[in-house]
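Below, each chain spelled out in residue letters.
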Amino acid sequence: MNITNDIKYIGVNDHKIDLFEGQYIVPNGMAYNSYAIIDEKIAIMDSVDVNFSEEWLGNIEAALDGKAPDYLIVQHMEPDHSSSIRHFAEKYPEAKIVSSSKAFAMMKGFFGTDFIERQIVVGEGDTLSLGKHNLTFVTAPMVHWPEVIVTYDSCDKVLFSADGFGKFGALDVEEDWACEARRYYIGIVGKYGVQTQALLKKAAGLDIKIICPLHGPVLKENLEYYINLYNIWSSYGVETDGVVIAYTSVYGNTKKAVMALAEKLEEKGVKVALNDLARCDMAEAVEDAFRYGKIVLATTTYNADIFPFMKEFINHLTERNFQNRTVAFIENGSWAPMATKVMKGMLEKSKNLTYAENEVKIMSALNEESEKQLDALAQELCK
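Sequence positions are assigned chain by chain, starting from 1 and proceeding in written order. Selection of residues for local features in this predicted model requires a pLDDT of at least 70, selection of side-chain atom pairs for listing and counting requires 80 or more, and totals for whole chains, interfaces and linings are taken over all residues. The side-chain figures draw on all heavy atoms in the structure; neither hydrogens nor water molecules are used.

**Student:** Outline the packing of aromatic side chains, listing residues and values.
**Tutor:** Aromatic rings from Phe, Tyr and Trp, with only the six-membered ring used for Trp, were paired whenever their centres fell within 6.5 Å, and each pair was classed as stacked if the ring planes differed by under 30 degrees, edge-to-face if by over 60, and tilted otherwise. For the structure shown, the criterion picks out 23 aromatic pairs. Taken together, a centroid distance of 5.9 Å and an interplanar angle of 70° make the contact between phenylalanine 20 and phenylalanine 168 edge-to-face. Remark: phenylalanine 168 occurs in the loop between β14 (158-160) and α5 (177-189) and phenylalanine 20 occurs in strand β3 (residues 19-20); sequence separation between them is 148 residues. The pair formed by phenylalanine 20 and phenylalanine 168 is uniform in burial state, with each residue classed as buried. Ring geometry for phenylalanine 110 against phenylalanine 111: centres 6.3 Å apart, planes inclined by 45°, an arrangement best described as tilted. Three or more aromatic residues joined by ring pairs form one cluster here, namely Phe165, Trp177, Tyr185, Tyr225, Tyr226, Tyr230 and Trp233. By definition, any uninterrupted DSSP run of H or I lasting at least four residues is a helix, any uninterrupted run of E lasting at least two residues is a strand, and each is numbered from the N terminus. Categorising residues by exposure relies on relative accessible area from a 1.4 Å probe, with only protein chains included: less than 20% of the type maximum marks a residue as buried, more than 50% marks it as exposed, and the intermediate range marks it as partly exposed.

Here is the structure:
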């Protein structure tokens, strides 16, 4: 696949994988993207997962039509992009390896060698000329590993964005970009919003026409749309108006309250996203929590604490710097309800959270008093 006259796609699709990073469900697989820039000198942008080394090396051969690459540029050392480096180095012994100093230190850890005789170490603002294609390297520490660099080609105005602007899903499957890019960003990069904002500010000074990420499709049109979403996500802004309700329920009484609240909100024209934390994809629930501006946490007191799936969910939120949201609580406890207290304690370190004035306390099952509390909460969440 030609990206431009001189840039070719040489990545692979993975439909064997079931869990990306051992935790994210990927029903449509993953793409491990790699690119060849063909000029007077030839640069290969990143490698692929080691399980696809042979296919990737075959793609390089086909793209270069018998020529040998001069450089392998390594932007990110996570193994889905770096674990074929050794195979490349063995096949192309004359090629130089271009990367950051931290990446070479990681290569020593992964491969037992840092390819010292073949190193070209680059940092912020360094350049590499391939002929008419001049590459400029931009550091992107903690987006989402410390060694990351991204690369700008001023000739074709292409940003090779490493894991930035990536998404779940193989390239031979049609699906909505935002849904799986959001889940990917929030789940994997979401903790590092400040660092992503810093990278976006650097990118704003570049004339970018094409974005080539390491996962997901090449972005060529309406780049403002993608950049705007990344700006919202990385600044922990509200993308969509509505209310997320995340809940657990043991015998159905908490669920009954949640469904009643959802009905009341929807009758008032409010968009509601429901997540049963014991059954849903946890990453989808976390994605919703960062997408909408208001969230209701509903759970039971359990072992003088809260139900395990709710605890896991809140841990996912706080470790990703959950902030700038309105949070409401529904608790259920047959003799000593304390779920709201526990949940608030878990959220103490989160920034800029506004707690709803109305809380719902259920003593085993809904009654007249807790029904009134639900009504009051629904009214408040509509404001």
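**Student:** Explain the sheet that holds strand β11 (residues 127-129) residue by residue, including any values.
**Tutor:** The strand order across the open sheet formed by 5 strands is β11-β12-β13-β14-β15, and the pairing between neighbours is mixed. Strands at the two margins of the open sheet, each flanked by one partner only, are β11 and β15 (210-212). Direction aside, neighbouring strands of the sheet carry axes that sit 20° apart on average. What makes two strands pair is DSSP finding at least two bridges between them. Note that strand β13 (residues 149-153) and β14 share 3 bridges and pair antiparallel. What sits directly across from tyrosine 152, in β14, is leucine 159. Axis geometry follows a simple rule: fit a line to the C-alpha atoms, using only the stretch in contact for helices, then measure angles between N-to-C directions, giving values from 0 to 180 degrees.

**Student:** Describe the nonpolar core, naming the residues involved and giving the relevant values.
**Tutor:** To qualify as a nonpolar core, a set must consist of buried Ala, Val, Leu, Ile, Met, Phe, Trp, Tyr and Cys residues joined through side-chain atoms within 4.5 Å. Formed by 90 residues in total, the largest nonpolar core has its most connected members in Trp56, Leu297 and Phe313. With 8 residues, the top contributor of residues to this core is α5. Note on contacts: a residue pair is in contact if any heavy atoms of the two residues lie within 4.5 Å. Sequence-distant contacts of leucine 297, defined by excluding residues within four places in its chain, comprise Ala246, Met310, Phe313, Ile314, Val327, Ala328, Phe329, Ile330, Met343 and Leu347. Membership of the second largest hydrophobic core comes to 23 residues, among which are Tyr247, Val272, Ile362 and Leu381.

**Student:** Could you give me a rundown of unusual backbone geometry, with the residues and numbers involved?
**Tutor:** Of note, the bond from valine 143 into histidine 144 is cis; its omega dihedral lies within 30 degrees of zero at 5°. As for its position among the elements, histidine 144 is in the loop between β12 (134-139) and β13. Unlike most non-glycine residues, aspartate 46 shows phi in positive territory, near 65°. Along the chain, aspartate 46 falls in the loop between β7 (42-45) and α1 (53-64). Judged by relative accessible area, which is 0%, aspartate 46 ranks as buried.

**Student:** Give me the lowdown on the packing of helix α8 (residues 253-267) against helix α12 (residues 368-381), citing residues and values where you can.
**Tutor:** At a minimum axis distance of 9 Å, the contact between α8 and α12 shows a crossing angle of 40°. Relative to α12, the element α8 is oriented oblique. Where α8 crosses over α12, the handedness of that crossing is right-handed. Here α8 contributes Ala257, Ala260, Leu261, Lys264 and Leu265 to the contact with α12, which in turn contributes Glu371, Leu374, Asp375, Leu377, Ala378 and Leu381. Should an angle fall under 35 degrees it is called roughly parallel, over 145 degrees roughly antiparallel, and 65 to 115 degrees roughly perpendicular, with every other angle called oblique. In a left-handed crossing the near helix is turned counterclockwise from the far helix by less than a right angle, and in a right-handed crossing that turn is clockwise.

**Student:** Outline the environment of isoleucine 60, listing residues and values.
**Tutor:** Tracing the chain through its elements places isoleucine 60 in helix α1. Spatially, the C-alpha atom of isoleucine 60 lies 9.4 Å from that of serine 34, the residues being 26 residues apart in sequence. Apart from residues no more than four positions distant in its own chain, isoleucine 60 is found in contact with Ile10, Ile44, Phe88 and Tyr92.

**Student:** Break down the layout of surface pockets for me, citing the residues and quoting the values.
**Tutor:** The way it works is a 1 Å grid over only the protein atoms, where trapped points that fit a 1.4 Å probe form a cavity and open points with protein on both sides within 12 Å along at least five of seven lines form a pocket, and then any residue with an atom within 4 Å of a point lines it. Grid points are joined across faces, edges and corners, and a volume is the space filled by probe spheres set on the points. Considering only enclosed or pocket space, the largest pocket measures out at about 360 Å³ in volume. Forming the walls of the largest pocket are 17 residues, and the residues nearest its centre are Thr300, Thr301, Gly333, Ser334 and Trp335. Of all the secondary-structure elements, those providing two or more residues to the lining of the largest pocket are α8 and β18 (292-302). By the convention adopted, Pro, Cys, Tyr, Trp, Phe, Met, Ile, Leu, Val and Ala count as nonpolar, Lys, Arg, Asp and Glu as charged, and the other residues, Gly among them, as polar. Class assignment for the residues of the lining of the largest pocket results in 6 nonpolar, 11 polar and no charged.

**Student:** Tell me what's going on with the pairing of strand β6 (residues 35-38), and back it up with residues and numbers.
**Tutor:** In terms of strand pairing, strand β1 (residues 7-9) meets β6 through 3 bridges, oriented antiparallel. Paired with lysine 8 across the two strands is alanine 36, which belongs to β6. Sheet analysis places β6 next to β7, joined by 4 bridges and oriented antiparallel. Its bridge partner lying in β7, alanine 36 is registered against isoleucine 44. Linking β6 to β7, which pair antiparallel, is a turn of 3 residues.

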